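# A closer look at the structure
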Amino acid sequence: QVQLVESGGALVQAGGSLRLSCAASGRPFSDYVAGWFRQAPGKERRIVAAINWSGTQMYYSDSVKGRFTISRDNAKNTVYLQMNSLKPEDTAVYYCAGDSGATWLRVSEYAYDAWGQGTQVTVSS
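Anyway, here's the lowdown on the structure attached to this text. All values derive from a computational prediction rather than experimental measurement. (Residues numbered from 1 in each chain as written. Predicted model: local features only at pLDDT ≥ 70, side-chain atom pairs only at ≥ 80, totals over all residues. Heavy atoms only, no water.)

Read from one edge to the other, the open sheet built from four strands follows the order β1-β3-β8-β7, with strand pairing classed as antiparallel. Only two strands of the sheet have a single neighbouring strand rather than two, namely β1 (3–7) and β7 (68–73). Sheet twist, expressed as the average angle between the axes of neighbouring strands with direction ignored, equals 15°. One ladder, built from five bridges, connects β1 with strand β3 (residues 18–25); its direction is antiparallel. When the bridges of β3 are listed, S7 appears paired with S21. (Pairing = 2+ DSSP bridges. Helix = DSSP H or I, 4+ residues; strand = E, 2+ residues; numbered from the N terminus. Axes fitted to C-alpha atoms, helices over the stretch in contact; angles between N-to-C directions.)

A few words now on the layout of surface pockets. Computed from the structure, the largest pocket encloses a volume of approximately 230 Å³. Lining the largest pocket are 13 residues, with R38, A40, K43, R46 and E89 sitting closest to its centre. Tallied by class, the residues present in the lining of the largest pocket amount to four nonpolar, three polar and six charged. (1 Å grid on protein atoms, 1.4 Å probe; cavity = no way out; pocket = protein on both sides within 12 Å on 5 of 7 lines; lining within 4 Å. Points joined across faces, edges and corners; volume = space filled by probe spheres on them. Nonpolar A, V, L, I, M, F, W, Y, C, P; charged D, E, K, R; others polar.)

For the rest of this paragraph, the subject is the nonpolar core. In summary, soluble globular proteins display a tendency toward joint burial of nonpolar side chains. With 28 residues, the main nonpolar core has F29, W36, L81, M83 and Y94 as its most contacted residues. Sorting the residues of this core by element identifies β3, β4 (33–39), β5 (46–51), β7, β8 (78–83), β9 (92–99) and β11 (119–124) as the ones contributing at least two each. With four residues, β3 is the single largest residue contributor to this core. Among residues more than four places away in sequence, those in contact with L81 are L18, R19, L20, W36, V48, A49, F68, T69, I70 and Y94. Membership of the second largest hydrophobic core comes to eight residues, among which are I47, A50, A111 and Y112. (Core = buried A, V, L, I, M, F, W, Y, C linked by side-chain atoms within 4.5 Å. Buried < 20%, exposed > 50% of the residue type's maximum accessible area, 1.4 Å probe, protein only. Contact = heavy atoms within 4.5 Å.)

Pasting the structure below:
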């Protein structure tokens, strides 16, 4: 089983940028589809973005499309989420996740079998 550790969360002003990183260990993360999810207080955890093992296919939720970019560096066993033009509604705990059960992109959190501990992103207005 792969272990995932997120970093890069912070407090940022609206309009600012952050880059989240997800470092994997224990197994090549290239064996997994990788996803970023987020959970705001009182709300369900929802997918933000996903990327296939080779980095050639990406999915974005409508709420972040055009502002966020997911990428991966398999040599470094790391997945990234570049977040630009941040809005207060982006405030949430962001989780990195891995899906070892498929080669296509899946959006349900129940498809993902490896999870990080989460990193807090707070966007002030």
